[in-house]
Amino acid sequence: SYFDGQYFHNGEIVPAKGFCTDVFFEKANDFIKEAAKKDEPFLAYISLNAPHGPLHCPKKYMDLYKDQKPNVAAFFGMISNIDENVGATRKLLSDLGIADNTIFIFTTDNGTAGGEKIHNAGMKGKKGSPYDGGHRVPMFIHWPAGGLTEHRQIDTLTHAIDFVPTLMEVCKVPNTAEVKFDGTSLKALLDPKTDVEWPHRFIITDSQRVVDPQKWRGSAVMSQQYRLINGKELYDIKADPGQAKNIAKSSPDQVKKMRDFYDA
């Protein structure tokens, strides 16, 4: 249930009053307050199930979108509720006096689902698709003490796998276990004072949704300039961000390079 449900808390199932997103933020904010009171470093990873079907949200958020169909109003309402909670958590960090040296990251887990026909930033595909609309997501980072305060856009291809090595480097956490990460630290890329020559790399994403993974199923091999979809279609993402023109036949060398990387 999205309202007055029961949740795992430290291994125990406990009831909680209210809408699920509000509950998650309330518990996270309690945790942050406790850490600030003790002057301890903390990591609060607030992972939400909204906006997602089944589409439910408190009436006051539904009422913001009375001109929409009920399911669309609920979808938008869930997003507005998240926005409000994010704003309240940012205000809490300020009120606690820890906003300057807190790394605040906002991102999502996949492309749009219900919102594809309303706004898709010119991208092709939606959640579950190997095209950019299925997996390209926004990521915002704010960290005054680290110099990340001004609005600027970074178009370099990055991935969720880059989070851990980045946070370890900026927080000066040694890799004592000598773990080999698939990701790359983004510290130099994020530094507004550093002009960095970013290394070329390929990144893979796929959406299998089957019991046993199948080669090339729902796959995208990505580089800064190209996308190889399902091992067959090639798009120049810089010239053709909507992925309308398949150039695989005219660029066999690029297809081979990306197929070889996937095979490896």
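Quick note: structure is the one above.
These figures come from a predicted structure and were not determined experimentally.

A. Up close: the environment of Gly146. Residue placement: Gly146 occurs in the loop between strand 4 (139–142) and helix 5 (163–170). On the basis of relative accessible area, Gly146 is assigned to the partly exposed category, the value being 29%. Remark: the alpha-carbon pair of Gly146 and Asp191, spanning 45 residues in sequence, is separated by 8.2 Å.

B. Local environment of the packing of helix 1 (residues 20–37) against helix 3 (residues 70–95). Between helix 1 and helix 3, the least distance of the axes is 10 Å, while the angle of their chain directions is 10°. One way to sum up the angle between helix 1 and helix 3 is to call them roughly parallel. Residues Thr21, Asp22, Phe25, Asn29, Ile32 and Lys33 of helix 1 lie in contact with helix 3, whose contacting residues are Asn81, Ile82, Asn85, Val86, Thr89, Leu92 and Leu93.

C. How the structure looks around helix 1. The end-to-end C-alpha distance of helix 1, which contains 18 residues, comes to 26 Å, matching closely the 26 Å that a straight helix rising 1.5 Å per residue would cover. Restricting attention to buried positions, one finds in helix 1 the residues Cys20, Thr21, Val23, Phe25, Ala28, Asn29, Ile32 and Ala35. The secondary structure elements touched by the buried residues of helix 1 are strand 1 (6–9) and helix 3. Just downstream of helix 1, Asp39 is the residue with a positive phi angle, here 55°.

D. Just a nonpolar patch on the surface, in detail. On the surface, Val164, Val179 and Phe181 cluster together into a nonpolar patch covering about 220 Å² of accessible area. In this fold, Val179 is placed in the loop between helix 5 and helix 6 (187–190). A relative accessible area of 42% means that Val179 is categorised as partly exposed.

E. Focus on the pattern of salt bridges. Enumeration over the complete set of coordinates arrives at nine salt bridges. Of the charged contacts in the structure, one is a salt bridge between Glu84 and Lys60, with a shortest N-O distance of 3.8 Å. Linking Glu84 in helix 3 with Lys60 in helix 2 (residues 59–62), this pair joins segments that are 24 residues apart in sequence. Residue classification places Glu84 among the partly exposed residues on the basis of a relative accessible area of 44%. Lys60 gets classed as exposed once you look at its relative accessible area, which sits at 53%.

F. Seen up close, the layout of surface pockets. Estimated volume of the second largest pocket: approximately 390 Å³. Around the second largest pocket, the lining is made up of 17 residues, and of these Phe8, His9, Phe24, Lys27 and Ala28 lie nearest the centre. When contributions to the lining of the second largest pocket are tallied by element, the ones reaching two or more residues are strand 1, strand 2 (12–15) and helix 1. The biggest single contributor to the lining of the second largest pocket is helix 1, with five residues. Here the lining of the second largest pocket is built from residues that sort into 13 nonpolar, three polar and one charged.

G. Structural context of the pairing of strand 2. As paired elements, strand 1 and strand 2 share four bridges and run antiparallel to each other. For Phe8, the partnering residue across the bridge sits in strand 2 and is Ile13. The turn linking strand 1 back onto strand 2 is made up of two residues, and Asn10 within it adopts a positive phi angle of 50°.

Thresholds, definitions, all that
- Residues numbered from 1 in each chain as written.
- Predicted model: local features only at pLDDT ≥ 70, side-chain atom pairs only at ≥ 80, totals over all residues.
- Heavy atoms only, no water.
- Helix = DSSP H or I, 4+ residues; strand = E, 2+ residues; numbered from the N terminus.
- Buried < 20%, exposed > 50% of the residue type's maximum accessible area, 1.4 Å probe, protein only.
- Axes fitted to C-alpha atoms, helices over the stretch in contact; angles between N-to-C directions.
- Parallel < 35°, antiparallel > 145°, perpendicular 65-115°, else oblique.
- Contact = heavy atoms within 4.5 Å.
- Expected span 1.5 Å × (residues − 1).
- Patch = residues over 30% accessible without salt bridge, like charges linked within 9 Å, V, L, I, M, F, W, Y side chains within 5 Å.
- Areas by Shrake-Rupley, 256 points an atom, 1.4 Å probe, with all protein chains shown as cover.
- Salt bridge = Lys/Arg side-chain N within 4 Å of Asp/Glu carboxyl O.
- 1 Å grid on protein atoms, 1.4 Å probe; cavity = no way out; pocket = protein on both sides within 12 Å on 5 of 7 lines; lining within 4 Å.
- Points joined across faces, edges and corners; volume = space filled by probe spheres on them.
- Nonpolar A, V, L, I, M, F, W, Y, C, P; charged D, E, K, R; others polar.
- Pairing = 2+ DSSP bridges.

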